[in-house]
Amino acid sequence: MSKLYFIPGSQDLYGEECLKKVASDCMEMVDFLQEKLKGIADIVLMPTVETSQICVEDMRKAQADDDCVGVITWMHTFSPAKMWIKGLQELRKPLLHLHTQANEKLPYDEIDMDFMNLNQAAHGDREYGYILARLNIPHEVVAGYYRHDRVVKKICQFARVAKAVALSHNTLVATFGNNMRDVAVTDGNRLEAEIKYGWEIKYWGIGEIAKLAGEASDAEVDAKMAEYESKYTMATDNIEAVREQARYEVAFDKFIEKNKVTAFTDTFQDLYGMKQLPGIAAQNLMAKGIGFGPEGDYKIAAFSSVCMKMAEGLDGATGFIEDYTYDLTEGEELELASHMLEVPASFAQNKPEIQVHPLGIGGKEDPARLVFDGITGDGIQVTLIDMGDHFRIICADIELVKQPKPMPKLPVARIMYRHKPDFEIGTAGWCYAGGAHHAVVSTALDRSDIAMFARLTGTELICIGDDTTEADLQKFFMPKY
Ligand code: MN
């Protein structure tokens, strides 16, 4: 189970009695939060920071504990913030500044100087906020009484996002082949991605998968076929083409297990030793939380696995998608998003069909793929691009809709959505911001999840939605004169 360390702040000026009350209030708070975060993370109460030395010890423990995904801090009394400098410098994990109090209401009739000295988060948390700002430490501030639902919800959200940041730092993307020749937005600085997000991006030849697929036993392929038949409808007579995909997935499974891979890419331009482009194999793996990026897109492979982790425990689907084509009927504009094959099975509205069709690109045999219509509902489309001197996340609110008419001749899975606030501002905004044609769509996450991830990782964020205006478009792309 993931843990969040809870580190309260005080000082020794107020006497033993006060510190005992701080400790017991913190225990009560931690017990309450522990109950509310059950199944998401355990809350571990650490010794109250009264000196710089205690702060350093607490933060070192948090940093050294592999199960600890983040730290919650709160100043019960005034806690002079120079005491926090060296401790905070030890911490490289997501930090939540919980701006709260042990008491909800002011006891107007009873309040005296002792009460005011004991309960002075308004004072101590601002001193602490200053040092976080001064040290330029990315953090999230959650303000309000800790028992209020809104505050509990935010702390749960922090736990989910912190777990995603932890996964980010344990991400290994296996790139089979390189970036698709000549494509710009999928490429970028791999070194910077590892420095910034902890993504290890390692190259292997697709021949590794071809070799493992060739070694897959009949029993292993039979088991994978049984899995497909239990989840999907077999809508093809070309069983051998499907078995070929099952062989690929057996191979990916082994490779992922052996190399502790969390995400992978392939490209239709490098399929040496393969008969087909991986279709169902990739779609089925994505539905299990493995990140995927086609055409060598290592950023979206890593980012999609991070987003799937963030969405863990929430209703809805999350995964990779590519922008394809529009219905530009005036006032009713819609987008159709899909890919050559690799749309995650988690987006399926209906039971997916396994179909085999030619692929007009890549010059290989007809690949088996899952075909389905997409889910509906409110969602986001989010992508991460490399601007040369920094990364940028773009997050657009969208509404996933039912496709207006069947598309019987389109042999791939697809989703359709409406842009916000409207087609013109939504899509122009995405273009101005430099948004990629590969993205993650989620009906589980919302803008606030992505904003928290951006804040905790210190990433530039551009949001597009109902609150975006024509005037905002000017800010999304500012030429450097
Ligand atoms: Mn693509």
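Cut-off values and rules
Residues numbered from 1 in each chain as written. Predicted model: local features only at pLDDT ≥ 70, side-chain atom pairs only at ≥ 80, totals over all residues. Heavy atoms only, no water. Helix = DSSP H or I, 4+ residues; strand = E, 2+ residues; numbered from the N terminus. Rg over C-alpha atoms; globule rule 2.2 N^0.38 Å. Buried < 20%, exposed > 50% of the residue type's maximum accessible area, 1.4 Å probe, protein only. Contact = heavy atoms within 4.5 Å. Lys, Arg positive; Asp, Glu negative; His and termini not counted. Charge placed at Lys NZ, Arg CZ, Asp CG, Glu CD. Donors = N, O, S within 2.8 Å, 3.2 Å for Na, K, Ca; no water. Pairing = 2+ DSSP bridges. Salt bridge = Lys/Arg side-chain N within 4 Å of Asp/Glu carboxyl O. Axes fitted to C-alpha atoms, helices over the stretch in contact; angles between N-to-C directions. Expected span 1.5 Å × (residues − 1). Arc of directions from axis to C-beta. Polar contact = N/O pair within 3.5 Å; in protein donor to acceptor, adjacent residues only side chain to side chain.

Student: Explain the overall build of the protein chain to me, and be specific about the residues and the numbers.
Tutor: Scanning the protein chain for helices and strands turns up 15 helices and 19 strands. For a compact globule of 481 residues, the expected C-alpha radius of gyration is about 23 Å, and the protein chain comes in at 25 Å, within 12% of that figure. Each principal axis of the C-alpha atoms in the protein chain carries an extent, and together these give about 80 × 55 × 45 Å. Counting only residues that meet the buried cut, the protein chain has 54% of its 481 residues in that class. Taking contacts inside the protein chain between residues at least 6 apart in sequence as the whole, the part at least 24 apart equals 78%. Here the protein chain contributes 50 positive and 74 negative side-chain charges, whose respective centroids are spaced 2 Å apart.

Student: How would you sum up the coordination of the manganese ion? Please name residues and give values.
Tutor: The protein atoms donating to the manganese ion are Glu295 (OE), Glu322 (OE), His339 (NE2) and His438 (NE2), with metal-donor distances spanning 1.9 to 2.4 Å. In the primary structure, the donors to the manganese ion are separated according to the pattern E-x26-E-x16-H-x98-H. With glutamate 295 in the loop between strand S10 (291–293) and helix H12 (298–310) and histidine 339 in the loop between strand S12 (334–338) and strand S13 (353–356), this pair connects stretches of sequence that are 44 residues apart. Histidine 339 matches glutamate 295 in its accessibility class, with the two residues each being buried.

Student: Go over the sheet that holds strand S8 (residues 233–234), please, and point to the residues and values.
Tutor: One open sheet accounts for three strands, arranged S8-S13-S14; its pairing is mixed. Each having just a single partner strand, S8 and strand S14 (368–371) make up the two edges of the open sheet.

Student: With reference to specific residues and values, describe the environment of valine 382.
Tutor: Within the element layout of this structure, valine 382 appears in strand S15 (residues 377–386). Each C-alpha atom, one on valine 382 and one on arginine 447, is 8.9 Å from the other, the two residues being 65 residues apart in sequence.

Student: Residues and numbers for the pairing of strand S17 (residues 415–419), please.
Tutor: Burial analysis of S17 places four of its five residues in the buried class, which makes it a mostly covered element. Relative to S17, S12 is paired through three bridges, and the arrangement is antiparallel. Residue pairing for S17: glutamate 335 is matched across the bridge by tyrosine 417. Here four bridges tie strand S16 (residues 391–401) to S17, and the two strands are oriented antiparallel to one another. Across the sheet, residue isoleucine 398 finds its bridge partner in S17, namely histidine 419.

Student: Lay out the pattern of salt bridges with the relevant residues and their values.
Tutor: Counted by the stated rule, this structure contains 28 salt bridges. Lysine 288 is the partner of glutamate 227 in a salt bridge, and the nearest nitrogen-oxygen pair spans 2.9 Å. With glutamate 227 in helix H9 (residues 218–231) and lysine 288 in the loop between helix H11 (280–286) and S10, this residue pair connects regions lying 61 residues apart in the sequence. Between aspartate 378 and lysine 420 there is a salt bridge; the shortest N-O distance is 3.4 Å. A residue pair is termed long-range when its members are at least 10 positions apart, and aspartate 378 in strand S15 and lysine 420 in the loop between S17 and helix H13 (423–433) qualify at 42 residues. Taking relative accessible area as the criterion, aspartate 378 reaches 54% and is therefore assigned exposed. We classify lysine 420 as buried; its relative accessible area is 18%. Salt bridges sharing common partners tie together Lys224, Glu227, Lys231, Glu249, Asp253 and Lys288.

Student: Outline the sheet that holds strand S2 (residues 42–45), supporting the account with residue identities and numerical values.
Tutor: Here five strands make up an open sheet; going across it, the order is S2-S1-S3-S4-S5 and the pairing parallel. Of all the strands in the sheet, just S2 and strand S5 (140–143) have a single pairing partner and so form its edges. Taken pair by pair, the neighbouring strands of this sheet meet at an average axis angle of 25°, ignoring direction. In this structure, strand S1 (residues 3–9) lies alongside strand S3 (residues 68–75), joined through seven bridges in parallel fashion.

Student: Mind laying out H9, listing which residues take part and the relevant values?
Tutor: Between the first and last C-alpha of H9 there are 20 Å, a value that for 14 residues agrees with the 20 Å anticipated at 1.5 Å per step. Of all the positions in H9, only Val221, Lys224, Met225 and Tyr228 are classed as buried. Projected down its long axis, H9 shows its buried positions confined to an angular sector of 100°, all on one face. Opposite the buried face of H9, at more than 90 degrees from it, the exposed residues are Ala219 and Ser230.

Student: Describe the environment of glutamine 381, naming the residues involved and giving the relevant values.
Tutor: Assignment of secondary structure puts glutamine 381 in strand S15. Overall, the relative accessible area of 2% leaves glutamine 381 in the buried class. Put simply, glutamine 381 and threonine 443 are 62 residues apart on the chain and 9.1 Å apart in space, counted from C-alpha to C-alpha. In contact with glutamine 381, not counting residues within four places along its chain, are Asp323, Ile394, Cys395, Ala396, Ile398, Tyr417, Trp430, Ala439, Val440 and Val441. Among the polar contacts listed, one links the side chain of glutamine 381 to the side chain of tyrosine 417, at a separation of 3.2 Å.

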